[in-house]
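Examination of the molecular architecture
Chain by chain, the residues run as shown.
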Amino acid sequence: MLRRLYDWTMAKAAHPHAEWWLAFFAFAESSFFPIPPHPLLGLMCLAEPNKAIRFGIICTVASVLGGLFGYAIGYFLYEAVGQALLALLGLSQSFPVAACYLREYDVEVIVIAGTTPVPFKLLTITAGFIEMALLPFILASIAGRGLIFMTVGILFRLFGRPIKAFIDKYLGLLTGLFVVLVIGGFIAFTQIDRGASGEVQDKCEAATTVQRG
């Protein structure tokens, strides 16, 4: 099953309109959609390693724009749209925790979340709701999203064929590793600053409500 899905996605990744799909997934995942762009980005880079950096740029730009859309949802439409959206995605309980960490650590949270499989939409909607300064939010989003997506693009551009052969051989193992990275991303999110006082961590982990602004 996994192999068939992999082969099917590889074929779609080389489709003439694949770049538009990549941009859509990157944009949507940053604001309202549950499926991340990382698998499609990786497979597109596998299919055409010579375009890997281009794909990384597309993913970064679309993701940052999607992050701004998520910010707008939190800022202007939280009660009408954002609240229901977070509930639908199963992120309601994480919302006050995310807001607390954003207030305590500001751009550091955005950068860390942008480089891990943590749902980026949670941070973008929350940032808008608490009215985080827009310019730092944009710059942190570019740094975090650019780091992960451009790293993928550069690595595939340099080592495309060997990486493809490796993935073809160890697909099941790598799928399991991605799941581990998702779990690790959530752990990193809750351990943003190892030097932080236990009081700050306890306060954020116990947060259940959020005040606007």
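Anyway, here's the lowdown on the structure attached to this text. Along each chain, numbering runs from 1 in the same order as the chain's sequence is written. With pLDDT at 70 or above as the cut-off, local features in this predicted model cover only qualifying residues; side-chain atom pairs require 80 or more to be listed or tallied, and sums for whole chains, interfaces and linings still use all residues. Side-chain numbers come from the whole structure's heavy atoms, not from hydrogens or water.

**A look at the overall build of the protein**
Quick reminder of the rule: Put simply, DSSP H or I for four residues or longer makes a helix, DSSP E for two residues or longer makes a strand, and each gets a number counted from the N terminus. Partly exposed describes any residue whose relative accessible area lies between the buried limit of under 20% and the exposed limit of over 50%, with all areas from a 1.4 Å probe on protein chains only and scaled to the type maximum. Throughout, a residue-residue contact means that at least one pair of heavy atoms, one from each residue, lies within 4.5 Å. Accessible surface is estimated by sampling points in the Shrake-Rupley manner with a 1.4 Å probe; for residues, cover comes only from the protein chains shown.
The helix and strand tally for the protein stands at 11 helices and 0 strands. Going residue by residue from the N terminus, the α and β elements of the protein occur as α-α-α-α-α-α-α-α-α-α-α. Within the protein, the fraction of its 213 residues that count as buried is 42%. Restricting to contacts in the protein with at least 6 residues of sequence separation, those with at least 24 account for 81%. Taken as a whole, the protein presents about 11,100 Å² of accessible surface, with 69% of it coming from carbon and sulfur.

**What about the packing of aromatic side chains?**
The following threshold applies: Note on ring pairs: Phe, Tyr and Trp rings are taken, using the six-membered ring of Trp, and paired if centres are within 6.5 Å. Classes follow the plane angle, with under 30 degrees stacked, over 60 edge-to-face and the rest tilted. By definition here, charges over rings are those cases where NZ of Lys or CZ of Arg is within 6 Å of the ring centre and within 35 degrees of the ring normal.
Enumeration according to the criterion identifies 15 aromatic pairs in this entry. Judged by centre distance (5.0 Å) and plane angle (45 degrees), the rings of tyrosine 71 and phenylalanine 137 are tilted. Taken as a pair, tyrosine 71 in helix α4 (residues 52–76) and phenylalanine 137 in helix α9 (residues 134–169) lie far apart in primary sequence, 66 residues in all. Phenylalanine 137 gets classed as buried once you look at its relative accessible area, which sits at 1%. Each ring, one from tyrosine 101 and one from tyrosine 105, has its centre 6.0 Å from the other, and the planes form 20 degrees; the classification is stacked. In this pair, tyrosine 101 and tyrosine 105 are both assigned in helix α6 (residues 94–105), 4 residues apart and thus about one turn of the helix distant. The exposure class assigned to tyrosine 101 is buried, which follows from its relative accessible area of 1%. When its relative accessible area of 13% is taken as the criterion, tyrosine 105 is described as buried. In textbook terms, an aromatic cluster arises when at least three aromatic residues are bridged by ring pairs, as seen for Trp21, Phe24, Phe25, Phe27, Phe32, Phe33 and Phe69. In this arrangement the basic side chain of arginine 145 is found over the ring face of phenylalanine 120, its NZ or CZ atom lying 4.4 Å from the centre.

**Quick notes on helix α5 (residues 78–88)**
This is how it is decided: Here the arc refers to the directions that run from the helix axis out to each C-beta atom.
Among all positions in α5, only Tyr78, Gly82, Leu85 and Leu86 are buried. Considered in projection along α5, the buried side chains sweep an arc of 100 degrees and stay on one side of the axis. Among the exposed residues of α5, those oriented more than 90 degrees off its buried face are Glu79, Ala80, Ala84 and Leu88. Contacts made by the buried residues of α5 are with α4, α6 and α8 (120–129). Among the residues trailing α5, glycine 90 stands out with phi positive, at a value near 75 degrees.

**Brief notes about the side chain of threonine 126**
Counting through the fold element by element, threonine 126 comes out in helix α8. Excluding residues that lie within four positions of it along the chain, threonine 126 makes contacts with Phe95, Ala98, Ala99 and Leu102.

**Examining the state of the cysteines**
For clarity, the threshold we go by: Note that a disulfide, as used here, is simply two cysteine sulfur atoms within 2.5 Å.
The full count for this structure, using the stated rule, is 1 disulfide. Note on cysteine connectivity: cysteine 100 is disulfide-linked to cysteine 204, with sulfurs 2.1 Å apart. Its torsion about the S-S bond being -70 degrees, the disulfide of cysteine 100 and cysteine 204 is classed as left-handed. Of the two residues, cysteine 100 sits in helix α6 while cysteine 204 sits in helix α11 (residues 198–205), which places them 104 residues apart along the sequence. Judged by relative accessible area, cysteine 100 falls into the buried class, the value being 11%. Taking the relative accessible area as the measure of exposure, cysteine 204 reaches 0% and is therefore buried. In this structure cysteine 59 is a free cysteine whose sulfur lies 8.5 Å from that of cysteine 45, the closest cysteine sulfur available.

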